[in-house]
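This is what each chain is made of:
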Amino acid sequence: MANGSYPTGINAFMADEFNWVDDDFSVAAVTDDYTCSSAHETYADIAAFVIDTGPLDGKEVANSTFYASTVAPGPVIDLGVTATKLIVFRDALPDDAASKLCFYIDRDANGMVMYRPGTGAAVPISWADSGIYTIPS
């Protein structure tokens, strides 16, 4: 699958339930064992595959595109573990069921499959200049 969105997250933005700039959003680094599904709605649906999370700061929206600052220090990826996907979610943790999924990312800005072996250190996440996600017009 290529980068995309979760219906529950897009619906929440369209219904004005989420505010990208003012609400808390985070990114989860997940393992290759996770398979994206439009039926997945909350953090509870991905929790078993999450390696670690990091909060999003410096959020803005321009021309239907969601942007955020580099996530630093970023999620910690343990030695022997590989992150192959990122999932952006509305962060209401520790309430897994209230933390709704928004965007799924498994390709970098060049369209290459993500693959980040862990070293036991935090991994900064830099977003492409084109943003995290653009709502198609």
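Refer to the structure above for everything that follows.
Structure report, in brief.

The rules behind each value
- One numbering rule holds for all chains: residues counted from 1, following each sequence as written.
- Reporting of local features is limited, given that this is a predicted model, to residues whose pLDDT is at least 70; pairs of side-chain atoms are given and counted only at 80 or more, and all residues count toward the totals for whole chains, interfaces and linings.
- Side-chain descriptors were evaluated using all non-hydrogen atoms of the structure, hydrogens and water having been removed beforehand.
- Only when DSSP finds a minimum of two bridges between them are two strands counted as paired.
- Under the DSSP-based scheme used, a helix requires at least four consecutive residues in state H or I and a strand at least two consecutive residues in state E, with every element numbered from the N terminus.
- Exposure categories follow from relative accessible area, calculated using a 1.4 Å probe and restricted to protein chains: below 20% of the type maximum is buried, above 50% is exposed, and the middle band is partly exposed.
- Working rule for contacts: check all heavy atoms of both residues, and any pair within 4.5 Å makes them a contact.

Spatially, the 3 strands line up as an open sheet ordered β4-β5-β12, and their pairing is antiparallel. This sheet does not close on itself; its edge strands, each paired only once, are β4 (60-62) and β12 (133-134). Note that β4 and strand β5 (residues 65-67) share 3 bridges and pair antiparallel. Residue alanine 62 lies in a different strand from β5, and its bridge partner there is threonine 65.

Leave glycine aside and you will find that most residues have negative phi; peptide bonds, for their part, are mostly trans. Following alanine 72, the chain continues to proline 73 via a peptide bond in cis, the omega torsion being 15°. Turning to its location among the elements, proline 73 is positioned in the loop between β5 and β6 (76-77). Geometrically, the link from leucine 93 to proline 94 is a cis peptide bond, its omega value of 20° lying close to zero. Within the fold, proline 94 resides in the loop between β8 (85-90) and β9 (101-105). With a phi close to 65°, aspartate 16 is a non-glycine residue in the positive phi region. Within the fold, aspartate 16 resides in the loop between α1 (7-14) and β2 (25-30). Since its relative accessible area comes to 67%, aspartate 16 is described here as exposed. Positive phi values are uncommon outside glycine, yet serine 64 reaches one of about 65°. Relative to the elements of secondary structure, serine 64 occurs in the loop between β4 and β5. The exposure class assigned to serine 64 is partly exposed, which follows from its relative accessible area of 41%.

Moving on to the environment of glutamate 60. Counting through the fold element by element, glutamate 60 comes out in strand β4. Between the C-alpha atoms of glutamate 60 and aspartate 22, which are 38 residues apart in sequence, the distance is 9.4 Å. Discounting residues that sit within four places of it in the chain, glutamate 60 has contacts with Trp20, Val21, Thr65, Phe66 and Tyr67.

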